[in-house]
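Next come the chains, spelled out residue by residue.
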Amino acid sequence: MDDFEQMSLTHERLGSLPVVNWFLQRLRLAEILESYLPADDPRLRLAPASVIALLVRNIIVSHEPLYALAEWASPYEPSLLDLETGDLAALNDDRVGR
């Protein structure tokens, strides 16, 4: 019974992101964005290329507005969005809009 009490279950959404990510990888979207966008700005928590790639995923999957971007991304595993676990807290319309 002790082993049972120590177990936990997590729920994460996959949706169509694995398929979308496969196509974006084939298009080399991340490489293209990184080569044309400015390097990371220390004032920004997320790299501009990562934010634009996230917005592309959002438009393809569900087309949520900027102010709801964090809510949209929260059920997904952050690695599906090319983000780190702590990056989800940085998704707000002001920060993403910059």
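Predicted model only: the values in this text are computed from it and were never measured.

Basis of the calculations
Starting from 1, residues in each chain are numbered consecutively following that chain's sequence as written. Reporting of local features is limited, given that this is a predicted model, to residues whose pLDDT is at least 70; pairs of side-chain atoms are given and counted only at 80 or more, and all residues count toward the totals for whole chains, interfaces and linings. By convention in this description, side-chain values take in all heavy atoms of the structure and omit both hydrogens and water. Nonpolar side chains (Val, Leu, Ile, Met, Phe, Trp, Tyr) within 5 Å and like charges within 9 Å form the patches, drawn only from residues with over 30% relative accessible area and no salt bridge. Surface accessibility in these figures is a Shrake-Rupley result with a 1.4 Å probe; residues are shielded only by whichever protein chains are displayed. Any Lys or Arg side-chain nitrogen located within 4 Å of an Asp or Glu carboxyl oxygen qualifies as a salt bridge. Every helix listed is a DSSP run of H or I at least four residues long, and every strand listed is a run of E at least two residues long, numbered separately from the N terminus. Only protein chains enter the accessibility calculation, which uses a 1.4 Å probe. A residue is then buried if its area is under 20% of the maximum for its type, exposed if over 50%, and partly exposed in between. What pLDDT reports is the predictor's confidence in each residue, on a scale of 0 through 100. For the purposes of this section, nonpolar cores are sets of buried Ala, Val, Leu, Ile, Met, Phe, Trp, Tyr and Cys residues that join through side-chain atoms within 4.5 Å. We call two residues in contact whenever any of their non-hydrogen atoms come within 4.5 Å of each other.

A. Examining a nonpolar patch on the surface more closely. Taken together, the side chains of Val 19, Trp 22 and Phe 23 make up a nonpolar region of the molecular surface, amounting to roughly 330 Å² of accessible area. With respect to the helices, strands and loops of the structure, Phe 23 is situated in helix H2 (residues 17-26). Classification of Phe 23 by relative accessible area gives partly exposed; the value is 48%.

B. Geometry of unusual backbone geometry. The phi dihedral of His 63 falls on the positive side, at around 55 degrees, and the residue is not glycine. Even without glycine at this site, Asp 82 takes up a positive phi of about 55 degrees. For Asp 82, the location among the structural elements is in the loop between helix H5 (69-73) and helix H6 (93-97).

C. Summary view of the confidence of the model for the protein chain. Across the protein chain, the average pLDDT comes to 85, with 95% of residues at 70 or higher. Highest mean pLDDT in the protein chain belongs to H2 (95); lowest belongs to helix H1 (residues 2-6) (67).

D. Fine view of the nonpolar core. Membership of the largest hydrophobic core comes to 14 residues, with the highest contact counts inside it found for Leu 46, Leu 54, Leu 69, Trp 72, Leu 81, Leu 83 and Leu 91. Contributing elements (two or more residues each) for this core: helix H4 (48-61) and H5. Of all the elements, H5 adds the most residues to this core, at three residues. In contact with Trp 72, other than residues within four places in its own chain, are Leu 54, Arg 57, Asn 58, Val 61, Ser 62, Glu 64 and Leu 81.

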